Amino acid sequence: MPDILLVEDKDSLRRVLRLTLENAGYSVTEAADARAAATEIARAPHRVVLTDLRMPHGSGLDVLRAARTADPDVPVIVMTAFGSIDEAVQAMKDGAHDFLQKPVDSNHLLLLVERALEQARLRTENILLKEEWSKRYGFPRIIGESEAIKRAVAETQRVAQTEATVLLLGESGTGKELFARAVHHLSIRRDKPFVAINCAAIPETLIENELFGHERGAFTGASDRRQGKFELASSGTVFLDEIGELPLAVQGKLLRAIEEKVVDRIGGRAPIPVDVRVVAATNKDLRAAVEHNEFRGDLFFRLAVFPIEIPPLRDRGDDVLMLAKHFALQLGTELRGREAVLSETAAKAIKSHRWPGNVRELENAIERACILTDTMMLEPKDLGLAPSAVANDSLQNLDLSGSLADVNNRAIRFLETLKIREALVVCDGNKARTAETLGVSYKTLLTKIKEYDL
């Protein structure tokens, strides 16, 4: 239910207004004066502020300024007694959404609240997709117009205003950290730290220390006390990327940190309270991992309070061209001092490529092209798209001479080359992860990389 902050110093009137709003389905938070209202505004966001104009310990104008400082777009409705119209006009000039004259008519009140909420909804709909909003609030802009990305954005904006744990699901390179930062920037924790941890990049023997810290003398070489990431993110957000790689031995301690809001340093004697919001991400099927006893079921259900599926680039339609043009402008300007432009053939190649590495692969391809090009007109060869973009043509032109075994060998070589190349892109060139992804040994992968001149 939309939350309304009701600021009114007269107890009887405040009680009547609260009942009117609650009976209409709204959630109401009360404040008896301007000072209490300012404290409440600093504590949590509200969808609408309804305030009296004349009160002790400040005025409704003070409440208006505090509300708009916390969120410039929150609608504020000012209630005023007859004879204070000039002050109400001043409130409108200062940014109030509307004013309501006392004695308050219940139907008029509900109509104004409904209009304020609708205006706020339209103004903030898919704000993560709008450049002006990203500049104003300093959060990363998400580029795209496909229904798949709009759905993910809408879910992100909705859950960001709560304290719920979020689990971001999607392939590698889809931009899960971008969404995690958006959750943080749109929450009441936006002014506190955002600490990101890649669970796959930290050795199993060090991950507990990285998350929860240690006391001096806890182990050989621990000459000083060290705070973990959970303590460093105090009052902010912890982003646990690749959560599926977290060792089982550490998962229980993470569950306790989330549920009880305490952590135990290695070698510590007492738990340390922490106040953080957890956002996790994975490209694994955690439900399958739970069934195979590779991931704790209780931790999975605690993390997946609000799952958000980030779509792969191949399912986002023309978003791939929007992103490519954005990167061409941004990276061309950064690297060469002017915008890079996609040729018609490059645009077609970009649309036809499957982009197994998703947005990350696309950005890397554009960056490489901006460095290689002499004219700033990007061509398919600059983007390195030939192996994937012409895959169908290559299969059609496959040499069919000789025996069935000869053709079979040529086809296998072509397809293995394509598959290994794409897997290397998805895994950022990490050969150990590539071998695991392809289901072959590390030695076999190295042999084929050499054989196929990759």
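Relevant structure appears above.
Asker: I'd like a rundown of the overall build of the protein chain, residues and numbers included.
Answerer: Of the regular secondary structure elements, the protein chain holds 22 helices and 16 strands. Considered along the principal axes of its C-alpha atoms, the protein chain spans approximately 100 × 60 × 40 Å. Classification of the 454 residues of the protein chain by burial places 45% in the buried group. Within the structure as shown, the protein chain displays about 23,300 Å² of accessible surface, and the carbon and sulfur contribution to it stands at 50%. Each charge class in the protein chain was averaged separately, 61 positive and 68 negative side chains, and the resulting centres sit 2 Å apart.

Asker: With reference to specific residues and values, describe the pairing of strand β10 (residues 237-241).
Answerer: In terms of burial, β10 is a largely internal element, five of the five residues being buried. Where burial is concerned, the two faces of β10 agree: the one with T237, F239 and D241 and the one with V238 and L240 are both buried. Pairing geometry for strand β7 (residues 194-198) and β10, over five bridges, is parallel. Directly across from F194, in β10, lies its bridge partner T237. Judged from the four bridges that link them, β10 and strand β13 (residues 277-282) form a sheet pairing that is parallel. If you follow V238 over to β13, its bridge partner there is V278.

Asker: Could you give me a rundown of the pattern of salt bridges, with the residues and numbers involved?
Answerer: For the structure shown, the criterion picks out 28 salt bridges. Two residues, R189 and E163, come together in a salt bridge whose shortest N-O distance is 2.5 Å. Placement of the pair is R189 in the loop between α8 (176-185) and β7 and E163 in the loop between α7 (147-160) and β6 (166-169), with a sequence separation of 26 residues. Residue classification places R189 among the buried positions, given a relative accessible area of 6%. For the salt bridge of K348 with E344, the shortest nitrogen-to-oxygen distance reads 3.7 Å. Placement of the pair is K348 and E344 together in helix α15 (residues 344-352), with a separation of four residues, close to one helical turn. Take K348: its relative accessible area is 55%, and that puts it in the exposed class.

Asker: Please give an account of α8 that cites residues and values.
Answerer: Along α8, the positions that sit buried rather than exposed are K176, F179, A180, A182, V183 and H184. Packing partners of the buried residues in α8 comprise α7, β6, β7, β10 and β13.

Asker: Can you lay out the sheet that holds strand β2 (residues 27-31) for me, pointing to particular residues and giving the numbers?
Answerer: One open sheet accounts for five strands, arranged β2-β1-β3-β4-β5; its pairing is parallel. Each edge of the sheet is formed by a strand with only one pairing partner; in this case those strands are β2 and β5 (98-101). Adjacent strand axes in the sheet meet at a mean angle of 20 degrees, parallel and antiparallel pairs treated alike. Sheet topology note: the strand β3 (residues 48-52)/strand β4 (residues 76-80) ladder contains four bridges and is parallel. Within the sheet, the bridge partner assigned to T51 lies in β4 and is V78. This element, helix α2 (residues 34-43), spans β1 (3-7) and β2 of the sheet and lies at about 160 degrees to β1. The strands touched by helix α3 (residues 60-70) within the sheet are β1, β3 and β4, with β3 carrying the most contacts at an inclination of about 160 degrees.

Asker: Any details on unusual backbone geometry? Residues and values, ideally.
Answerer: Geometrically, the link from K102 to P103 is a cis peptide bond, its omega value of -5 degrees lying close to zero. As for its placement among the helices and strands, P103 is situated in the loop between β5 and α5 (106-124). At M376, a position not held by glycine, the phi torsion is positive, near 65 degrees.

Asker: I'd love a proper account of the nonpolar core, names of residues and values included.
Answerer: Counting 32 residues, the largest nonpolar core has L211, F230, L240 and I243 as its most contacted members. Mapped onto this core, the elements with two or more residues apiece are β7, α9 (204-212), β10, α11 (248-260), β13, α12 (286-291) and α13 (297-303). At five residues, the largest contribution of residues to this core is made by α11. The contacts of L240, once residues within four sequence positions are left out, are I197, C199, L211, L254, V278, V279, A280 and A281. In this structure, L313, L331, L362 and A365 belong to the second largest nonpolar core, which totals 26 residues.

Definitions and limits used
- Residues numbered from 1 in each chain as written.
- Predicted model: local features only at pLDDT ≥ 70, side-chain atom pairs only at ≥ 80, totals over all residues.
- Heavy atoms only, no water.
- Helix = DSSP H or I, 4+ residues; strand = E, 2+ residues; numbered from the N terminus.
- Buried < 20%, exposed > 50% of the residue type's maximum accessible area, 1.4 Å probe, protein only.
- Areas by Shrake-Rupley, 256 points an atom, 1.4 Å probe, with all protein chains shown as cover.
- Lys, Arg positive; Asp, Glu negative; His and termini not counted.
- Charge placed at Lys NZ, Arg CZ, Asp CG, Glu CD.
- Pairing = 2+ DSSP bridges.
- Salt bridge = Lys/Arg side-chain N within 4 Å of Asp/Glu carboxyl O.
- Contact = heavy atoms within 4.5 Å.
- Axes fitted to C-alpha atoms, helices over the stretch in contact; angles between N-to-C directions.
- Core = buried A, V, L, I, M, F, W, Y, C linked by side-chain atoms within 4.5 Å.

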